[in-house]
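# Descriptive structure summary
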Amino acid sequence: MADGILGDVPVPTNPRFKNLTGLTFGRLTVIRFAGYKSGVSIWHCRCNCGNISTGVSGINMQAGKTVSCGCYRNERIRDHCITHGYASDIAPKAMRNVY
């Protein structure tokens with residue numbers, strides 16, 4: 001992907017390094033390696049909704065902690081509000097940090 005936004009960072013050649021390029025975790029498909037931050041591999045990913053997420057931790061994706069760009073969380077909040085009869089699709093203050 002030569003869109004100029006993501007930049008080119010070479011994938012490490014260390015035999016212990018796990019290349020996640022092309023793998024899918026939840027709704028995220030790994031596009032390319034972005035570098036390291038605090039010793040953790042960081043990746044650029046494309047979400048099923050079309051957004052590109054930059055700075056996604058490889059550890060969090062593999063553990064299932066990061067599954068989307070944020071669209072899944074928003075869908076869960078919206079569904080919760082509809083299920084419980086809130087007037088709008090914006091969650092009340094008490095529910096914003098639940099998901």
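### Regarding the overall build of the chain
Scanning the chain from N- to C-terminus turns up 2 helices and 4 strands. Looking at the chain residue by residue over its 99 residues, the buried ones come to 28%. Across the chain, contacts joining residues at least 24 apart in sequence account for 32% of those joining residues at least 6 apart.

### Thoughts on the pairing of strand E2 (residues 28–37)
In this structure, strand E1 (residues 24–25) lies alongside E2, joined through 2 bridges in antiparallel fashion. Note that in E2 the partner of Thr24 across the bridge is Thr29. Taking the residues between adjacent antiparallel strands as the criterion, E1 and E2 are bridged by 2 residues, where Gly26 takes a positive phi near 65°. Where E2 lies against strand E3 (residues 40–47), 8 bridges are found, and the strand directions are antiparallel. Paired with Lys37 across the bridge in E3 is Val40. Where E2 hands over to E3, the hairpin turn is made up of 2 residues, of which Ser38 adopts a positive phi near 55°.

### Quick notes on the packing of aromatic side chains
Overall, the coordinates contain 5 aromatic pairs when judged by the stated rule. Note on Phe17 and Phe33: the rings are 5.3 Å apart at their centroids and 85° apart in plane angle, and the pair reads as edge-to-face. Note that Phe17 is positioned in the segment before E1 and Phe33 in strand E2, a separation of 16 residues in sequence. We classify Phe17 as buried; its relative accessible area is 17%.

### Quick look at the nonpolar core
Core analysis: the largest hydrophobic core is formed by 12 residues, namely Phe17, Leu20, Phe25, Leu28, Val30, Phe33, Trp43, Cys45, Cys47, Val56, Met61 and Cys71. Only E2 and E3 provide two or more residues apiece to this core. Those residues in contact with Cys47 that sit more than four places away from it in its chain are Arg27, Leu28, Ser68, Cys69 and Cys71.

The rules we used
- Residues numbered from 1 in each chain as written.
- Predicted model: local features only at pLDDT ≥ 70, side-chain atom pairs only at ≥ 80, totals over all residues.
- Heavy atoms only, no water.
- Helix = DSSP H or I, 4+ residues; strand = E, 2+ residues; numbered from the N terminus.
- Buried < 20%, exposed > 50% of the residue type's maximum accessible area, 1.4 Å probe, protein only.
- Contact = heavy atoms within 4.5 Å.
- Pairing = 2+ DSSP bridges.
- Phe/Tyr/Trp six-rings, centres within 6.5 Å; stacked < 30°, edge-to-face > 60°.
- Core = buried A, V, L, I, M, F, W, Y, C linked by side-chain atoms within 4.5 Å.

Remember that the coordinates give geometry; whether it matters functionally is a separate question.
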